[in-house]
Amino acid sequence: MKINTDLVKGKKYSSAVKPNTLKHSQEYRVLATLRYLYPSKFDTMITGEAPDLQDSANSTGIEVTAAVKEDDMKVSRAFSELNQGKPKDIEKRKNIIKSSGYFFVPLKDEKVAISTSGTTDGEKRFFSRKHTKKDEKNSAVPIKF
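Definitions and limits used
- Residues numbered from 1 in each chain as written.
- Predicted model: local features only at pLDDT ≥ 70, side-chain atom pairs only at ≥ 80, totals over all residues.
- Heavy atoms only, no water.
- Pairing = 2+ DSSP bridges.
- Helix = DSSP H or I, 4+ residues; strand = E, 2+ residues; numbered from the N terminus.
- Axes fitted to C-alpha atoms, helices over the stretch in contact; angles between N-to-C directions.
- Left-handed = near helix turned anticlockwise from the far one by under 90°.
- Contact = heavy atoms within 4.5 Å.
- Expected span 1.5 Å × (residues − 1).
- Buried < 20%, exposed > 50% of the residue type's maximum accessible area, 1.4 Å probe, protein only.
- Arc of directions from axis to C-beta.
- Patch = residues over 30% accessible without salt bridge, like charges linked within 9 Å, V, L, I, M, F, W, Y side chains within 5 Å.
- Areas by Shrake-Rupley, 256 points an atom, 1.4 Å probe, with all protein chains shown as cover.
- Salt bridge = Lys/Arg side-chain N within 4 Å of Asp/Glu carboxyl O.

Undergrad: Help me understand the pairing of strand 4 (residues 103–106) in this model?
TA: On any regular strand, side chains alternate: one points to one face of the sheet, the next to the other face. Two elements, strand 4 and strand 5 (residues 112–115), share four bridges in a ladder whose sense is antiparallel. Each bridged residue has a counterpart across the sheet, and for V105 the counterpart in strand 5 is A113. Linking strand 4 to strand 5, which pair antiparallel, is a turn of five residues; within it D109 sits at a positive phi near 55°.

Structural data, given as structure tokens:
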């Protein structure tokens, strides 16, 4: 499967990702996933508009949608615009992010990521058990969640 990564190699974003660009990237990711999982079935499918993915040779179309909570959409937009504009706009965006239950995770230098409290209790137990088993095997210190 060939995916055209030349379009994004070295891409520098100087502003928020526009909604239509985000939508296109989601459609492309779905197409890439389908081609990876079912190479012969989706090899002639292309991205288009109405429906988003089209295969005229097989008379097939797929409309790509994303199920996202409204608060998560607001946070995503606020984060993508975080360091743009006046200082009061930056503070407003930080407040949108924090008031929606997210917190800032320091990365490197001045860069941050955002996260909620993380995972569901079931996922926490799963990873805790996996780490405990690995720790027992390697005699390392257990990780607490």
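Undergrad: Quick question: what am I supposed to make of the packing of helix 2 (residues 70–80) against helix 3 (residues 87–99) here?
TA: Helix-helix packing is characterised by the crossing angle of the two axes and by the distance between the axes. Interhelical geometry of helix 2 versus helix 3 gives an angle of 145° and a closest axis separation of 9 Å. Seen along the crossing, helix 2 lies across helix 3 with a hand that is left-handed. Contact with helix 2, carried on its side by K74, V75, A78 and F79, involves R93, I96 and I97 of helix 3 and no other residues of that element.

Undergrad: What exactly am I supposed to notice about the sheet that holds strand 1 (residues 46–47) here?
TA: Within a beta sheet, neighbouring strands are joined by backbone hydrogen bonds and run either parallel or antiparallel to one another. Spatially, three strands are ordered 1-2-3 in an open sheet, and the strand pairing comes out antiparallel. Edge positions in the open sheet fall to strand 1 and strand 3 (60–62), since each of these has one partner strand only. Here three bridges tie strand 2 (residues 53–55) to strand 3, and the two strands are oriented antiparallel to one another. Across the sheet, the residue bridging to Q54 is G61, located in strand 3.

Undergrad: Which parts of the structure should I look at to understand helix 1 (residues 19–37)?
TA: An α-helix turns once every 3.6 residues. As a result, residues three or four positions apart point the same way. For helix 1, which comprises 19 residues, the first-to-last C-alpha distance of 27 Å matches the rise-based estimate of 27 Å (1.5 Å per residue) to within 8%. Within the sequence span of helix 1, burial applies to E27, L31, A32, L34 and R35. Each buried residue of helix 1 lies within a common arc of 165° when the element is viewed along its axis, so the set occupies one face. Seen from the buried face of helix 1, the exposed residues on the opposite side, beyond 90 degrees, are P19, R29, Y36 and L37.

Undergrad: What is the right way to look at a nonpolar patch on the surface in this model?
TA: A surface patch of nonpolar side chains, about 390 Å² in accessible area, is lined by Y36, L37 and Y38. In this structure Y38 comes out as partly exposed when scored by relative accessible area, which is 46%.

Undergrad: Before we go on, may I ask you to explain the pattern of salt bridges in this structure?
TA: Think of it this way: side chains of opposite charge can pair up when their charged atoms draw near. Tallied over the entire structure, the rule returns six salt bridges. The partner of K74 in a salt bridge is E70, and the shortest N-O contact between them spans 3.7 Å. Residue K74 and its partner E70 are located together in helix 2, separated by four residues, close to a single helical turn. The closest approach of N and O atoms between R77 and E81, which form a salt bridge, is 3.0 Å. Under the relative-accessibility criterion, R77 is labelled partly exposed at 34%. It is possible to trace a salt-bridge network through shared partners that takes in K23, E27 and D52.

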